[in-house]
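Understanding the architecture of this molecule
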Amino acid sequence: MESSSGSAPEFDYLFKLLMIGDSGVGKSSLLLSFTSDTFEDLSPTIGVDFKVKHVTLGGKKLKLAIWDTDLTYHFAAGQERFRTLTSSYYRGAQGIIMVYDVTRRDTFTNLRDIWAKEIDLYSTNQDCIKMLVGNKVDKEGERVVSKKEGIDFAREYGCLFIECSAKTRVNVEQCFEELVLKILETPSLLAEGSSSVKKNIFKQKPPESDASAGGCC
Ligand SMILES: Nc1nc2c(ncn2[C@@H]2O[C@H](COP(=O)(O)OP(=O)(O)OP(=O)(O)O)[C@@H](O)[C@H]2O)c(=O)[nH]1
Ligand SMILES: [Mg+2]
């Protein structure tokens, strides 16, 4: 049947992924590199942004909603009135990409001092998969954080780990793919009706008997 009415859902799973890390580490560049195969000199992100990418991995059709934000937003989370905003950023995420710049040590130490704490506070999925990413490996001559330090941190925090460059695109796809494959291997993150899925505001399961037009609300 070629008819579009009653057609199969456009994806098997929808995953919410987050990019976090200090300003300037390359979160938006990595996202752009992954979603549109390009690299350009970006301005700092203001507020929150997200991009969608459809991929087929592990035999499943996936819709990835990847959220990107700026640091000011997170620091504002220290203020009571921004707390709900920050928790909605984290809520229901199946994967978190923690980015640092291998040429700036402060961006690495802040993962421990700021970002890991924020994940503990706000992440709603116990089993949420974390990927530690050392970006800008194209600037090898300016490297100050060794690969071993990254590996050790990842082991301590139970994260996956990869080094990459948004500029040369080395390991960019692998970064997202490894994270997603790990999510696919984690039953609690896939379970229909689990709190994570229920709370996911982007969940778009078509109703069983689709009355009239397929308009989205
Ligand atoms: N050499 C090199 N430069 C990079 C790489 N990734 C990002 N950059 C540069 O680093 C700067 C910051 O990159 P962004 O992607 O804007 O960083 P961000 O983490 O999104 O920063 P905020 O939006 O401020 O939080 C830009 O000038 C990018 O061109 C990389 O892999 N290699
Ligand atoms: Mg940005």
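This report concerns the structure included in the present document. Predicted model, so just to flag it, every value in this text is computed and none were measured.

Here we look at the overall build of the protein chain
What the protein chain contains, in helices and strands, is 8 helices and 6 strands. When the helices and strands of the protein chain are placed in sequence order, the string is β-α-β-β-α-α-β-α-β-α-β-α-α-α. Looking at the 217 residues of the protein chain, the share that counts as buried comes to 45%. Considering only contacts within the protein chain whose residues lie at least 6 apart along the sequence, 73% involve residues at least 24 apart. Total accessible area on the protein chain is roughly 11500 Å²; 52% of this is exposed by carbon and sulfur atoms.

As for the pattern of salt bridges
Evaluation of the coordinates by the stated rule reveals 10 salt bridges. For E10, the salt bridge goes to K63, with nearest N and O atoms at 4.0 Å. With E10 in the segment before β1 (13-20) and K63 in strand β3 (residues 60-69), the pair connects residues that are 53 residues apart, well separated along the chain. A relative accessible area of 46% places E10 in the partly exposed class. A relative accessible area of 12% places K63 in the buried class. When the shortest N-O distance is used, the salt bridge between E149 and R105 registers 2.9 Å. Taken together, the residues span a long stretch of sequence, with E149 in helix α5 (residues 147-157) and R105 in helix α4 (residues 105-122) at a distance of 44 residues. Exposure remark for R105: the relative accessible area of 34% places this residue in the partly exposed category. Within the structure, one salt-bridge network assembled from shared partners comprises E140, R143 and E163.

Notes on the site of ligand 1
What surrounds ligand 1 is a group of 21 residues, the closest being S23, K27, S29, D41 and D138. A distance of 2.7 Å separates an oxygen atom of ligand 1 from a polar side-chain atom of K27. Summarising the interface, the protein chains cover 89% of the accessible area of ligand 1, which totals 650 Å² for the free molecule. Ranked by residue count, the leading element in the shell around ligand 1 is helix α1 (residues 27-36), at 3 residues. Partitioned by chemical class, the residues of the shell around ligand 1 number 5 nonpolar, 9 polar and 7 charged.

A word on the environment of K60
Among the structural elements, K60 can be located in strand β3. Overall, the relative accessible area of 33% leaves K60 in the partly exposed class. Expressed as a C-alpha distance, the spacing of K60 and F11, which sit 49 residues apart in the sequence, is 7.8 Å. In contact with K60, other than residues within four places in its own chain, are D12, Y13, V55 and L184.

About the cut-offs
- Residues numbered from 1 in each chain as written.
- Chains lettered and ligands numbered in written order.
- Predicted model: local features only at pLDDT ≥ 70, side-chain atom pairs only at ≥ 80, totals over all residues.
- Heavy atoms only, no water.
- Helix = DSSP H or I, 4+ residues; strand = E, 2+ residues; numbered from the N terminus.
- Buried < 20%, exposed > 50% of the residue type's maximum accessible area, 1.4 Å probe, protein only.
- Contact = heavy atoms within 4.5 Å.
- Areas by Shrake-Rupley, 256 points an atom, 1.4 Å probe, with all protein chains shown as cover.
- Salt bridge = Lys/Arg side-chain N within 4 Å of Asp/Glu carboxyl O.
- Near = heavy atom within 4 Å.
- Polar contact = N/O pair within 3.5 Å; in protein donor to acceptor, adjacent residues only side chain to side chain.
- Nonpolar A, V, L, I, M, F, W, Y, C, P; charged D, E, K, R; others polar.

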